[in-house]
Each structure stands twice: as C-alpha cells, then as structure tokens.
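Breakdown of the fold
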Amino acid sequence: MPARHVVLMTMAGVCGFAVAAVAIFAGISRVEQNRGAPATQIGGPFTLIDDAGVPVTEAALAGKPSAIYFGYTYCPEICPTTLLDLSRWIAKLGPDADKLNYVFVSIDPERDTPQLMHTYLSSFDKHIRGFTGTPEQVATIAKEYRVYYKKIPTQDGSYVMDHSSIIYLMAANRKFVSTIAYQENDAAALAKLRNLLGTTTPSS
Amino acid sequence: MRYLSKSFIVLAVLIAAASPASTQQTGPSIAVERPYARATPAGAQTGAVDMNVDNKSHAADRLVGASSDVADKLQIHETTVVNGVMQIREVAGGLAIPADGSVKLKPGSYHVMLIGLKKPLKAGETLPLTLMFEKAGNISVTVPVQAMTKSDNGGDMSNMHDNHGGAMGHMEMK
C-alpha cells in the first residue's frame, strides 16, 4: 500500500473518530441538560401528609399533570417569591388552572407541621397544596425528585436550609417533563405550564 | 439649689443628646437608604429587610448586628442561588462596608433576616430597626413594609422605593 494511502486512511480514521467523539459528547450534553439522568428517573411514589393533616400518596396527584416545588416556610426570600410567582401564573392560566396540581413540599418537616403549611399557604393561590411528613418520608420524595437539601446550623443553635429551588413539571403519567427555574420570566414559565396542560392525557 | 439641679438635668440631656454624634467628625458616616421589608405570608417565622448602606467616611466599617422589637433575633444573611440550589448563610463577623463605598442589601444577596417574627409583616405598616455598626455605632431607621408583589429581580421593587419608600425610610441617629 502506497505511503500516501496510509496517510489518507489515517486521516479518515482520525476524522471518523473525531465525529464519533463529538456525537458521543453531544449525547452526554443532552442527558446532562436533563439534570444528569434520564427523565424517567425523576419522581416516584411517596407517602406524605397534606396541609389538612391527611396522609397522601402519589395517587393524590393522579389524573392531572403536576407542578411540584420543594421549600420550607422559614425561607425568608426564595420560597415566598417562588410561591408568589406560581400564584401569579396560576391566575394567568385562568380556567385551565384547575387542570394541574400544584404542590409545595416541605424539606424542613421538623418545623413545617401540616397546620403551619396550611396557614402559610393561605397567603398564596388556593390551588397550591402543602405536603410535609416525617423526615424519612421527605427524604424519600426528595431522593426520587433528585432534590438537594441540607440543614445548615447557625451560630445561635438554630438552622437554615439549603435546597433546590426549581419547580418540577410532571405529566399526568408521572413522567418528568421539564422544570421552571427560580425567577424564570412569566412568558417562559407560562409557556411551560400551558405545554404541561397538553400532557393531560398519558401519552406513553 | 433647685436652679442648679435643673441645670444639671439640662446639661445631662444635652450630653446624652450630643454624645453619639460626638463619635462622628462631620455628620453621620453611614447613611441607610431606602430600607424596606417585604410583607410575609401568614404564619411565616422569618422576614427580610433590604436597604442600601452608604459609607460616606474614608474608613471601612462593618454592619455587625441588628435589633427590632418585631422579631426575636436578627442576623445578617447572604442568599445565593448556585446551580439551582438556594444557599443561605449567616455573614460571619458582620458585613464589610468599604470606605467611601456602599453595599446593597437586596434579594439574591445580603439581607437583614428577622427570625421569630412576633406577627406577620403587613404591607403599609412600618417596623423599627436598629443597625449596629462597628464604627458608626447604632443607627435606627423606620422600615416600610411593602406588598409581596413581583420582585422581577428587584426592578419593580426599586421603582416602589422611589415612589414611596424615600419619605418613610427616614434615618435618625441614636
């Protein structure tokens, strides 16, 4: 084989490898955009207590797509802002608002009793339900939704919470659809919620 | 004797009134501008006060604490959102206010956190707040409470200050 052909073939091989590498990398990037995991792995069964003090499971969300936010009532800024944003979007959905579930799940179950969740949520849109539970029950749903939360002690012996501050949008068939980021603008958030309305009929 | 004791009282009052100011060479070194608190949801145990702290002196100062009778305790906190995770931290050792500079306490950044609210903060009300500075001493301000309206990254809120907050957020030296 002439030396020239070897060079050409080597070049072709290198190019091929480069194309494959780019394709693999692109694939990885796509997966990472879905928070590092296939969409189907976000969400799962849970047992919690709602803000009326009634035990609930994933069945409480059956039949409708859901917007789920994890936070805590001692949160001075991010959680009330998010719940206020969500309340405004619910209002803008008009009659369609009833076609979705909206849930505020506490990641601070030691302080967030059902009663406190109920009182707290009275300041926001009435569609939003509050779920809390035992620390173990909350740990289970947080793990399923890949929610990060951590208790950070303060000098006075109390604590604050670090936590994921995104709204999870789940289809009626409990499959992960997308997320709304903290302080995402109204147009983008509403487009995602309206898209979620379209997933009412389980499609897969 | 009666006259003398009256004079002493007058003198004592004068000294008391003058002494905090005596730590300032040329008027207040720290100006607290447009303080405001956001109304809190029912049952909320925490609230936050934002403001602009302007240091008019050539020496750096430090906001080391705060007190108010509306909450059990107050701390200086910093909120950040990193990769979608909200983090909140007590600012260790107080918040540095650079010489001839200012620090803005605002959403997504520093705030004075009210912990153990005695009652919800309602829009239209005010709350007293005393800020403790390492050098400038105690500064008391009256903080208006604003509605929990859309913050829009602070844009709408700052407009609200310009319309309403200026007159209410007046400052006085203690």
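The preceding data block contains the structure.
Structure report, in brief. Computed from a predicted model, the values in this text were never measured in an experiment. (Residues numbered from 1 in each chain as written. Chains lettered and ligands numbered in written order. Predicted model: local features only at pLDDT ≥ 70, side-chain atom pairs only at ≥ 80, totals over all residues.)

1. What about the overall build of chain A?
- For chain A, the count of helices and strands is five helices and nine strands.
- The helix and strand sequence of chain A, counted from the amino end, reads α-β-β-β-α-β-α-β-α-β-β-β-β-α.
- When the 204 residues of chain A are sorted by exposure, 36% land in the buried category.
- Intrachain contacts of chain A at a sequence separation of at least 6 include 68% that bridge at least 24 residues. (Helix = DSSP H or I, 4+ residues; strand = E, 2+ residues; numbered from the N terminus. Buried ≥ 20, exposed ≤ 12 C-beta atoms within 10 Å, placed from the backbone. Contact = placed C-beta atoms within 7 Å.)

2. Quick notes on the pairing of strand β5 (residues 85-90) of chain B
- As defined by bridge partners, strand β7 (residues 159-164) of chain A adjoins β5(B) across two bridges and the pair is classed as antiparallel. Paired with His163(A) across the two strands is Met86(B), which belongs to β5(B).
- Inspection of the sheet shows strand β4 (residues 71-82) of chain B paired to β5(B) by six bridges, in the antiparallel sense. Looking at β5(B), one finds that Glu78(B) is bridged to Arg89(B).
- Here β4(B) folds back onto β5(B) in antiparallel fashion, the turn holding two residues, of which Asn83(B) has a positive phi close to 50 degrees. (Pairing = 2+ DSSP bridges.)

3. Examining the interface of chain B and chain A
- Tallying the contact residues gives 24 residues for chain B and 28 residues for chain A.
- Every element with two or more residues in the side of chain B that touches chain A is listed here: β2 (46-55), β4, β5 and β8 (110-117) of chain B.
- Per element, the largest residue contribution to the side of chain B that touches chain A is five residues, and it comes from β5(B).

4. A short note on the nonpolar core
Residues and elements named next belong to chain A.
- Among the nonpolar cores identified, the biggest contains 52 residues, and Ala-67, Ile-68, Leu-86, Val-105, Ile-167 and Tyr-168 are the most heavily contacted of them.
- Per element, the largest residue contribution to this core is seven residues, and it comes from helix α2 (residues 78-93).
- Setting aside residues up to four positions removed in sequence, Ala-67 forms contacts with Leu-86, Leu-100, Tyr-102, Ile-167, Leu-169 and Leu-193. (Core = buried A, V, L, I, M, F, W, Y, C linked by C-beta atoms within 7 Å.)

5. Observations concerning the packing of α2(A) against helix α5 (residues 186-197) of chain A
Residues and elements named next belong to chain A.
- Contact geometry for α2 and α5: axes closest at 10 Å, N-to-C directions at 60 degrees. Classified by the angle between their axes, α2 and α5 sit oblique to one another. Our pair here, α2 against α5, has a crossing hand that is right-handed. Contacts between α2 and α5 involve Trp-89, Lys-92 and Leu-93 on the former and, on the latter, Asp-186, Ala-189, Leu-190 and Leu-193.
- Across the contact of α2 with α5, the residue classes break down as five nonpolar, no polar and two charged. (Axes fitted to C-alpha atoms, helices over the stretch in contact; angles between N-to-C directions. Parallel < 35°, antiparallel > 145°, perpendicular 65-115°, else oblique. Left-handed = near helix turned anticlockwise from the far one by under 90°. Nonpolar A, V, L, I, M, F, W, Y, C, P; charged D, E, K, R; others polar.)

6. Focus: the sheet that holds strand β3 (residues 66-71) of chain A
All names here are of chain A.
- Here we have seven strands laid out as an open sheet, ordered β2-β1-β5-β4-β3-β8-β9, and mixed in their pairing. Edge positions in the sheet fall to β2 (55-57) and β9 (176-180), since each of these pairs with one other strand and no more. On average, each strand axis in the sheet is tilted by 35 degrees relative to the strand beside it, whichever way the strands run.
- Looking at chain direction, β3 and strand β8 (residues 167-170) are connected through four bridges and run antiparallel. Bridge assignment links Ala-67 to a residue of β8, and that residue is Leu-169.
- Here helix α3 (residues 114-121) sits on the sheet in contact with β1 (47-50), β4 (101-106) and β5 (128-132), set at roughly 160 degrees to β5.
- Most of the contacts of α5 go to β9, to which it runs at about 160 degrees, and overall it touches β3, β8 and β9.

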